[in-house]
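Spelled out, the chains give:
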Amino acid sequence: MNLQIESPLISGLIDFLDNSPTPWHAVDSATKRLTRSGFVQLSEVSGWTLEPGVGYFVTRSDGALIAWRQPKEVLGWTIFGAHTDSPNLRLRPKPVLKRHGYFELSFEVYGGALYAPWFDRELSLAGRVVISDDGVLRSKLIDFRRSIGVIPSLAIHLDRDANLGRKINPQDELTMLIGRADSDNTLDFKNVLAIELSVDAEKIVAFELCAYPFEKAILTGIDHEFLMSARLDNLLSCFLSIETLIQNEAAEGAVVVLNDHEEVGSVSASGADGPFLESILRRASSDLDFEIIRVRSLMISIDNAHGVHPNYALKHDQSHRPLLNEGPVVKVNANHRYATTAITQGIIEQAAKDAEIPLQYFSSRADLGCGSTIGPITAGRLGIDTIDIGCAQLAMHSARETCGAQDPELMLRLLSQLTRRDLT
Ligand code: ZN
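Residues numbered from 1 in each chain as written. Predicted model: local features only at pLDDT ≥ 70, side-chain atom pairs only at ≥ 80, totals over all residues. Heavy atoms only, no water.

(A) Expanded view of the sheet that holds strand β6 (residues 102-110). What the 6 strands build is an open sheet, ordered β8-β7-β10-β5-β6-β9; its pairing is antiparallel. Edge positions in the open sheet fall to β8 (136-143) and β9 (176-180), since each of these has one partner strand only. Averaged over all pairs of adjacent strands, the angle between their axes in this sheet comes to 30°, without regard to strand direction. In terms of strand pairing, strand β7 (residues 123-133) meets β8 through 8 bridges, oriented antiparallel. Each residue of the ladder has a partner; that of Arg128, found in β8, is Leu141. Against the sheet, helix α2 (residues 23-36) engages β5 (88-99), β7, β8 and β10 (204-213), with an angle of about 90° to β8. (Pairing = 2+ DSSP bridges. Helix = DSSP H or I, 4+ residues; strand = E, 2+ residues; numbered from the N terminus. Axes fitted to C-alpha atoms, helices over the stretch in contact; angles between N-to-C directions. Contact = heavy atoms within 4.5 Å.)

In structure tokens:
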């Protein structure tokens, strides 16, 4: 295996992953990348004058973003969609517990997280804090950027059955130990935030914070064939969508939509089951008949796929076992949990052939349900033909996930090919 370990794409991806511990940070990272590449930020509350050839982007609720380069004439849109959120632990409004001589933080579980990987890991916190400046509210990102706590396991000596299928109660067991507490100690969490942000504690009105594993993204495998990181699902696809838009300057009608809240059903102002994408597409297509543009448009929903795990190969249908580093995975589901149809499959097959990229297929076992994506939701809301694809990964929804180090490049080449599709 001859890998470019220091490829600019992989180091850019690692930076993006490490700097995006929450959906709001992912949008901030994408904003910085787009701005550095000359894209102009627009506000949803002002009027727009769009210049052909200029790149624009809009953010919503800090957690969603839409970017595009305005075409000379809008014939149709080629939309690359991914989600900014990942399953994790979300701090409660009153998070501090004091018991048995310790201070702990308490969480709700966001999305379908695997619980076990959160134990015995160095954990940090990041999120957003709402600050009142003389009655004017503004949201500010926060990232502690250091290990501040741990969720310790119970020793095997105190639970001899721990290796026989341990059940984890998220209410009782997923609390983060952050320090010792004497009987007269108190801990006001807003004070902790105030010190971290160098603001007055009284000015802090509200906060949304996530725990995240402090370890950085890293290449692993004897030949560095794998990339390990938190939040590969689905920051890998967010990163590749943005890179596709930036690197294909001549692409007419390419759009990137990064939605929040996919892991909890997508129903929100910034989720795929909200009005964000349709509203922006209508505004960017304003002088043309949107119904015609809609029919000519294509949505490529990019979300990681389940690579086959060698210890559990029987969890996959025997003819649909995607491997890491074997190319993008097309996801098909008869019950439309994925939005791929024979028509859109044909489009992706053609693009892969033209770009000389191998494709793999995922179709889940008939006796196992599969996940879903923003694909079917966007197809349903907008009536736009959609395909579901993604890079293969292992350990989906773990606190640390693993993907192939070559697949990002292959996916980028496939997405770039799709920006050149005929829109008429
Ligand atoms: Zn996902």
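From this point, the discussion proceeds with the structure in view.
(B) View of the nonpolar core. Judged by nonpolar contacts, the single largest core of 49 residues is most densely connected at Leu34, Leu65, Leu227, Leu240, Ile300, Ile389 and Leu415. The leading source of residues in this core is helix α5 (residues 232-247), at 9 residues. Those residues in contact with Leu227 that lie beyond four places of it in its chain are Leu13, Ile14, Leu17, Ala217, Ile218, Leu219, Leu232, Glu401, Thr402, Cys403, Gly404 and Ala405. One finds Leu89, Val129, Leu174 and Ala399 within the second-largest nonpolar core, a separate group that totals 27 residues. (Core = buried A, V, L, I, M, F, W, Y, C linked by side-chain atoms within 4.5 Å. Buried < 20%, exposed > 50% of the residue type's maximum accessible area, 1.4 Å probe, protein only.)

(C) Broad picture of the domain arrangement of the protein chain. When cut into domains, the protein chain gives domain 1 (8-86 + 230-418) and domain 2 (88-213). For domain 1 versus domain 2, the distance between C-alpha centres works out to 31 Å. Of the residues lining the interface, 22 residues belong to domain 1; the matching set on domain 2 comes to 22 residues. Taking both partners together, domain 1 and domain 2 bury about 1,700 Å²; carbon and sulfur atoms supply 59% of that area. (Domains from an automatic or database assignment. Buried area = accessible area lost by both parts, 1.4 Å probe.)

(D) Quick look at the coordination of the zinc ion. Protein ligation of the zinc ion involves His83 (NE2), Asp233 (OD), Asp303 (OD) and Asp303 (OD), the donor distances falling in the range 2.0 to 2.6 Å. Sequence positions of the donors to the zinc ion reduce to the motif H-x149-D-x69-D. Here Asp303 lies in the loop between β14 (298-302) and β15 (305-306) and His83 lies in strand β4 (residues 78-83), a separation of 220 residues in the sequence. By the burial criterion, His83 is buried, and Asp303 matches it. (Donors = N, O, S within 2.8 Å, 3.2 Å for Na, K, Ca; no water.)

(E) Looking closely at unusual backbone geometry. Of note, the amide linkage connecting Asp233 to Asn234 takes the cis form, showing an omega dihedral of 15°. Along the chain, the position of Asn234 falls in helix α5. Positive phi values are uncommon outside glycine, yet Asp62 reaches one of about 65°. Within the secondary structure, Asp62 sits in the loop between β2 (55-60) and β3 (64-69). For Ala395, which is not glycine, the phi dihedral falls at a positive 60°. Here Ala395 is to be found in the loop between β19 (392-394) and β20 (401-404).

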